[in-house]
Amino acid sequence: MPSTVIVGGFYGDEGKGKIVSYLAMKDNPTVAVRGGVGPNAGHTIEHENKKYKVRMLPSAFLNPGTRLLIGPGVVVSPEVLLKEIEEFGTHDRSFVDFQCGIIEDSHRTTDSGGRLKQSIGSTGTGTGPANADRAMRTLKLARDVESLTLYLDDIPNQVNFALDRKENVIVEGTQGTFLSLWHGTYPYVTSKDVTASAICADVGIGPKSVDEVLVVFKSFVTRVGEGPLKNEIAPEKAVAKGWQEVGTVTGRQRRAAEFDFDLAKRSIMLNSATQLGITKLDVVFPECAHMQSFSDLSSPAKYFIKNIEDQLKVPVTLIGTGPDVNDIIDRR
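Residues numbered from 1 in each chain as written. Predicted model: local features only at pLDDT ≥ 70, side-chain atom pairs only at ≥ 80, totals over all residues. Heavy atoms only, no water.

Novice: Help me understand the overall build of the protein in this model?
Specialist: A tally of helices and strands in the protein yields 11 helices and 17 strands. For the protein, whose C-alpha radius of gyration is 19 Å, the value lies close to the compact-globule estimate of 20 Å for 332 residues. The principal-axis extents of the C-alpha atoms in the protein amount to approximately 55 × 50 × 35 Å. (Helix = DSSP H or I, 4+ residues; strand = E, 2+ residues; numbered from the N terminus. Rg over C-alpha atoms; globule rule 2.2 N^0.38 Å.)

Novice: How do you make sense of the sheet that holds strand β2 (residues 31-34) when you look at a structure like this?
Specialist: The strands making up a sheet are joined through hydrogen bonds of the backbone, oriented either antiparallel or parallel. Taken in spatial order, the 10 strands of this open sheet run β9-β7-β5-β2-β10-β1-β11-β15-β16-β17, and their pairing is mixed. In this open sheet, the two edge strands, each paired with only one partner strand, are β9 (152-153) and β17 (328-330). With three bridges joining them, strand β5 (residues 67-70) and strand β7 (residues 94-97) adopt parallel strand pairing. Within β7, the position partnered with L69 by the bridge is F95. Together, β1 (3-8), β10 (169-172), β11 (212-218), β15 (275-279), β16 (316-320) and β17 form the strand contacts of helix α1 (residues 16-27), whose direction differs from that of β17 by roughly 55 degrees. (Pairing = 2+ DSSP bridges. Contact = heavy atoms within 4.5 Å. Axes fitted to C-alpha atoms, helices over the stretch in contact; angles between N-to-C directions.)

Novice: What is the right way to read the sheet that holds strand β14 (residues 255-258) from this model?
Specialist: Across the sheet, which stays open at both edges, the three strands sit in the order β12-β14-β13 with antiparallel pairing between neighbours. Edge strands, defined here as strands with exactly one partner in the open sheet, are β12 (220-223) and β13 (232-233). Judged from the four bridges that link them, β12 and β14 form a sheet pairing that is antiparallel. Within the sheet, the bridge partner assigned to F220 lies in β14 and is E258.

Novice: What should I look at first to understand unusual backbone geometry in this one?
Specialist: Trans is the common state for peptide bonds, and a negative phi is the common state for residues other than glycine. In the segment running from Y186 into P187, the intervening peptide bond is cis, with an omega of 5 degrees. For P187, the position within the fold is in the loop between β10 and α7 (196-203). Even without being glycine, Q175 reaches a positive phi, approximately 55 degrees. Its place among the elements puts Q175 in the loop between β10 and α7. The phi dihedral of S272 is positive, around 55 degrees, even though this residue is not glycine.

Novice: So what exactly am I meant to see when it comes to helix α5 (residues 127-135) here?
Specialist: For the α-helix, the turn length of 3.6 residues means that residues three or four positions removed from each other point alike. Those residues of α5 lying buried are T127, G128, P129, A130 and N131. At its buried positions, α5 is contacted by β6 (75-76), β8 (101-102) and α3 (105-113). Following α5 by one or two positions, R137 adopts a phi angle in the positive range, close to 65 degrees. (Buried < 20%, exposed > 50% of the residue type's maximum accessible area, 1.4 Å probe, protein only.)

Novice: I tried to follow the packing of aromatic side chains on my own but got confused; where do I start?
Specialist: Remark: the centre distance and the inter-plane angle together describe each pair of aromatic rings, the angle taken between the planes. Tallied over the full model, the rule gives 11 aromatic pairs. Consider the rings of Y11 and F178, whose centres lie 6.3 Å apart with planes at 55 degrees: the pair is tilted. With Y11 in the loop between β1 and α1 and F178 in the loop between β10 and α7, this residue pair connects regions lying 167 residues apart in the sequence. With a relative accessible area of 7%, Y11 lands in the buried category. Lying over the aromatic face of W243, K241 brings its terminal NZ or CZ to 4.6 Å of the ring centre. A cation over an aromatic ring shows up here: R331 above the ring of F294, its NZ or CZ 4.1 Å from the ring centre. (Phe/Tyr/Trp six-rings, centres within 6.5 Å; stacked < 30°, edge-to-face > 60°. Lys NZ or Arg CZ within 6 Å of the ring centre and 35° of its normal.)

Novice: Just to check I follow, could you spell out the side chain of K16 for this structure?
Specialist: As for its placement among the helices and strands, K16 is situated in helix α1. When its relative accessible area of 3% is taken as the criterion, K16 is described as buried. A distance of 2.8 Å separates a polar atom in the side chain of K16 from the backbone oxygen of Q175. Residues in contact with K16, not counting those within four places in the same chain, are V7, G8, H43, G173, T174, Q175 and V216. (Polar contact = N/O pair within 3.5 Å; in protein donor to acceptor, adjacent residues only side chain to side chain.)

Novice: Where do I start with the packing of helix α9 (residues 261-271) against helix α11 (residues 299-312) in this structure?
Specialist: Geometry of a packed helix pair, given as the angle between the helix axes and the separation of the axes. The N-to-C vectors of α9 and α11 enclose an angle of 55 degrees; their axes lie 10 Å apart at closest approach. Here α11 runs oblique to α9, going by the angle between their axes. Note on packing geometry: the crossing formed by α9 with α11 is right-handed. Residue-level inspection shows F261, A264, K265 and I268 of α9 in contact with α11, the latter providing N307, I308, Q311 and L312. When the residues that make up the contact of α9 with α11 are grouped by side-chain class, the tally is five nonpolar, two polar and one charged. (Parallel < 35°, antiparallel > 145°, perpendicular 65-115°, else oblique. Left-handed = near helix turned anticlockwise from the far one by under 90°. Nonpolar A, V, L, I, M, F, W, Y, C, P; charged D, E, K, R; others polar.)

Novice: Where do I start with the side chain of T190 in this structure?
Specialist: Looking at where T190 falls in the secondary structure, it is placed in the loop between β10 and α7. Non-local contacts of T190, meaning those with residues more than four positions away in its chain, are made with V37, N40, Q175, L179 and L181.

Novice: Even after reading the chapter, I still don't get the environment of L23, so can you show me in this structure?
Specialist: Along the chain, L23 falls in helix α1. Note on L23: relative accessible area 4%, which makes it buried. For the pair formed by L23 and D330, sequence separation is 307 residues and the distance between their alpha carbons is 9.8 Å. Sequence-distant contacts of L23, defined by excluding residues within four places in its chain, comprise I6, N28, P29, I170, L214, L318 and R332.

This is the structure we're talking about:
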């Protein structure tokens, strides 16, 4: 059962989309299945001088042989999903579970002007109010939406069938560990749990069906919106360091801080991490841009990675060295 669960270790924006895309191209999975929240999560992927932004489909879409599945725990915007299926030409391999919840205009209206927007900086995508309606058992499901009829399937059945056949499966999470409703910096969190256990529940696989849990950290910490950020640096310092970023979905400036070992240790504990991905090493160490061999890294960059492994006691198997999917050092 070669299954790998991939989740974010900090506050989202760690570069999970790049890691998933690379694994999709390198390991040729039969299935990539997305758990997590909804279209409030955005993944940016760069490949062959093209930039893709995806909010609903799994980030594995670049591999034309991989089936793209959305588990029943995800709330879906049909408009966003159908647009991505059209844009990426994945009509014949995109499937949504019958029991996915549906985001409607009323949810977006509530999310865009209410308490959540003002107090915690919600994305305004309607995801939170939709999940609230799901908890109240009043939310419309995908099986009730005509425009999705061609894409409906039993996703837990598909995923477990692939696992039983020993096929390669990627399980993709969204957001980051400390945006979890249970384990994050409440109330500045998303509307459900997003740790590895929850992502597995979202797609319908049990604990014994997981081989690897890959937690992705960025070489520094960023956060969009409100909430605590330990050792946050001033925006002008972030600009000077080249750490200034904007959110994929919101376009808002991300706040920044140095790599947080205490946060990373807790994330590893909460997710049962078996391996780590470290992205944007080239942003902290520009001399390492586009490298694909660990031995070619500068001494400070090697020490940075070794220090992470020594302190966190988990191997760093994938290192991102640039924006392209193939700007990566694979140490597996």
